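Structural overview
Residue strings, one per chain:
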Amino acid sequence: IASKMSKISRNLYKGQSVAIFTSGGDSCGMNGALRASVRMAIYLGSQPYMIREGYQGMVEGGEHFVKAKWSSVSSIIHLGGTIIGSARCAEFMQREGRKKAAFNLVQRDINRLVVIGGDGSLTGANIFRQEWSGLLDELLAEGKITTQQREKYVDLHVVGVVGSIDNDFCGTDLTIGANTALHRITEAIDSIASTAYSHKRIFILEVMGRRCGFLAMITGIISEADYVFCPEAPPPMDWHDRLCEKLQKEGEGGQRLHIIIVAEGASDLNGEPITVEIVKKVILDKLKRESRITVLGHVQRGGATSAYDRILACRMGAEAVVAVLEATGNTTPVVVVLTNNQIERIPLMGAVERTQAANEALKSGDWAKAIALRGVFFQGNMMALKLLSRAKPPTKEQCCVPPPFNIAVMHVGSPACGINAATRSLVRTIIYNGDRIFGVSNGLVGLIAGQLKPLAWSDVIGWCSQGGAFLGMNRITPEGKYPEIARRLREFNIQGLVVIGGFEAYRTVLSLTTERGSYQEFCIPMAVIPSTISNNMPGTEYTIGADTSLNEITKICDLIRDSARGYKKRVFIIETMGGFCGYLATMAAMAAGADSAYIFEEKFNVRDMQRDCANMVAKMSDVIERGLVLRCEGANKNYTADFMQRLYEEESNGLFSCRTCILGHAQQGGKPTPFDRCIATEMGIACGQFIHEQMVKSLQTDGTMLAVTKHSACMLGMIGPEYKYTSVEDLSHQTEFQYRTPKNQWWMKLRPLLRILSTHDSAYTTD
Ligand code: ATP
């Protein structure tokens, strides 16, 4: 059931009550979902209750039911775990326990529930819903509730939000908490990598995932792991030999660092468990080499919530409350999910049954079915992992075969975290395809100077985790330099070109394509891998580097807020990068729980700012101590950060002081986030394949390359869970060149939610 596009205005559900609780294992992002649910409920005029300790609190009643107000959920969005507690409740598994819970709800006029938990919690909620009528009849017969109560609360309405670090719920591309768990795993691997590298060590890392290998699979993709044991992809029975042979060969090739990832639930084709201890023993017995085991355990559950999880939680929590308040007697209970980067509602029990079917399929050894049930996003990642593990360095004999094609890779624009990861997987895919790849130093300046050098398999070891751009880059574009560029492409016999970078990278390929009529050297397949912190490119929902930057900004916002703790009331005006694109300011504002975000795309004037000031004054007059206002650098040339600071301070009438903070280059980040490593690695693979296919298509019988169709010059984009190519020519019609932004930006639809969550008036539109 896709949620219908509808505008939902303030106080639409006045007089209703809704209870929100967290249940089962905790996960980072649950607090964000709770905050969004509470605030959306208030916005809609209903009374939110928070139930402490999940079903246990519902059964016990009393102080476990807390009436929530706006400030009850202030300053929690960044915290791991759940501030209202979560529990497993045996009593709720029994009808008697559920009857007590029903009584406690009716006593408080509640018959609408938002459940934030895993499939067990959602199953329990559905059973409760089905029994509701009978339970109320019994309570009436026992004289515990009145006839009016019985008649008023005919139905129980339930909506689920899935919080789970394993991403083990079918129907959603991602569950709340999985992205943060990947952050913890990546931090651990980066630490391990430095020590393993120093000592030429083999590390075996166990990650969570008893019933789902999502964490192991993504870790495998982003960690340059040597071997990944994941429940959905059991290794061949001779894995002992294959593993050791791989370690041996890679060691001989000079590789100093070896990482093996084992999911908790990994097994072989016969269903025999593969544990970290078994892997260690195999390596010791066969290679006579010591290895070190690291079991991450609960570290994966905790820590600061990632920006991605915070935003996902905001979107899901808000939508869940709208769904539960919209529900009528015959509405099917739903769970709120992420599909194709959209928040949608799907039937709750259908999704639970699919999840259980996937668990069964795994148990019975039907891995293909389990993967199919997990959906397109999971399947795409599994394919990437398989491709990566199949790709091997060429043998000596293979190296003697002349490479069919020469491809150049070049970076154009400003550095963004993930560029090196994309280059690494591109280089390896190209070598695996049997082609030769040249790295161009310093973008077009280097190309014109003839700074091209062949890249080998081992040249890119360790690149995945590194920020910046190892090949060097700048923002020079090709206009006016076509003859020199053509000369070098001819000299090095470059037959395919991949440009990694931001808006200038796209402009470079577009310009070269438009000059194809004048220069035969430009009639080669070309591709752009979008990589910029600003996320301002057409044809893709995310660019490589934007997630890292978003996390950096969010972290700084957390720090700024915490740093002023205990000091007098203060508002911070924080300026982000992004040029005329307000993506970073908007998303960071949502992730940091900011009060406003001023961007170029949403025009504002001094009256809007005065209204926002009044809103801030109202909040600060209550218990709130800190205010955060984000401003994109290109928001408005006159309403500068300094202007805003003075305006806010003046309007506060002494209630709070105001400071500005221009974030600058720290936003580019030091090391790429797991999200950026993952999309970068997958885009590199996809692009390597695209360019090879296009070269095969464009090869003429006389051996020359003639690529003239618009599809031979494309940009790769992430649209929903898939990677798609759009010709740069088509993209040029979707671009505001003057402002360096796409004409349509998907994230603009999140602006009303940002305003609602910070108490501004706004008409919420369901996704
Ligand atoms: P996780 O993914 O962390 O395991 P979960 O929600 O699946 O989360 P469970 O332990 O399965 O966690 O369930 C949490 C609680 O939900 C249980 O302790 C119980 O109170 C309730 N619950 C689960 N299954 C049922 C059921 N079949 N009937 C009634 N209540 C249930």
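This write-up is about the structure you can find in this document. Keep in mind it's a predicted model, so treat the numbers as computed, not measured.

One pass over the structure, following the stated rule, counts 26 aromatic pairs. Where F214 meets F377, the ring centres are 6.2 Å apart and the plane angle is 35 degrees; that geometry is what we call tilted. With F214 in helix α7 (residues 214-222) and F377 in helix α13 (residues 376-390), this pair connects stretches of sequence that are 163 residues apart. Put simply, the rings of F21, Y55, F92, F128 and W132 touch in pairs and so form one group of aromatic residues. One cation-aromatic arrangement involves R108 over F65; the distance from NZ or CZ to the ring centre is 4.2 Å. Here R374 stacks its cationic end above the ring of F378, 5.7 Å away from the centre of that ring.

What follows deals with unusual backbone geometry. Positive phi values are uncommon outside glycine, yet S75 reaches one of about 55 degrees. Mapped onto the elements of the fold, S75 is located in the loop between β4 (65-67) and α3 (95-107). The phi torsion at K288 lies on the positive side, around 55 degrees, for a residue other than glycine. Its place among the elements puts K288 in the loop between α9 (276-287) and β10 (292-295).

To continue, consider the sheet that holds β4. Backbone-to-backbone hydrogen bonds join strands into a sheet, with any given pair of strands oriented parallel or antiparallel. Taken in spatial order, the 7 strands make up an open sheet running β4-β3-β2-β5-β6-β11-β12, and their pairing is mixed. Looking at strand neighbours, the two that pair on one side only are β4 and β12 (342-347), the edges of this open sheet. Taken pair by pair, the neighbouring strands of this sheet meet at an average axis angle of 25 degrees, ignoring direction. Pairing of strand β6 (residues 157-162) with strand β11 (residues 334-339), which is carried by 3 bridges, proceeds in the parallel orientation. Directly across from V161, in β11, lies its bridge partner V336. On the sheet, helix α4 (residues 119-141) packs against β5 (112-117), β6 and β11 and is oriented at approximately 160 degrees with respect to β5.

Moving on to the packing of α4 against helix α11 (residues 348-363). Interaxial distance between α4 and α11 falls to 10 Å at its minimum, and their mutual angle equals 135 degrees. If you check the angle between α4 and α11, you find them oblique. Here the hand of the crossing between α4 and α11 comes out left-handed. Of the residues in α11, those touching α4 at D119, L122, T123 and N126 are L348, M349, V352, T355, Q356 and N359. Broken down by class, the residue content of the contact of α4 with α11 amounts to 4 nonpolar, 5 polar and 1 charged.

Turning our eyes to something else, we now look at the sheet that holds strand β16 (residues 496-501). Taken in spatial order, the 7 strands make up an open sheet running β15-β14-β13-β16-β17-β22-β23, and their pairing is mixed. Unpaired on one side and paired on the other, β15 (452-454) and β23 (722-727) mark the two borders of the sheet. The sheet shows a mean angle of 25 degrees between the axes of neighbouring strands, taken without regard to direction. Here strand β14 (residues 436-440) runs beside β15; their pairing, made up of 3 bridges, is antiparallel. Among the inter-strand pairings, F438 is bridged to a residue of β15, identified as P454.

Definitions and cut-offs
- Residues numbered from 1 in each chain as written.
- Predicted model: local features only at pLDDT ≥ 70, side-chain atom pairs only at ≥ 80, totals over all residues.
- Heavy atoms only, no water.
- Phe/Tyr/Trp six-rings, centres within 6.5 Å; stacked < 30°, edge-to-face > 60°.
- Helix = DSSP H or I, 4+ residues; strand = E, 2+ residues; numbered from the N terminus.
- Lys NZ or Arg CZ within 6 Å of the ring centre and 35° of its normal.
- Pairing = 2+ DSSP bridges.
- Axes fitted to C-alpha atoms, helices over the stretch in contact; angles between N-to-C directions.
- Contact = heavy atoms within 4.5 Å.
- Parallel < 35°, antiparallel > 145°, perpendicular 65-115°, else oblique.
- Left-handed = near helix turned anticlockwise from the far one by under 90°.
- Nonpolar A, V, L, I, M, F, W, Y, C, P; charged D, E, K, R; others polar.

Honestly, it's all geometry; don't read function into it.
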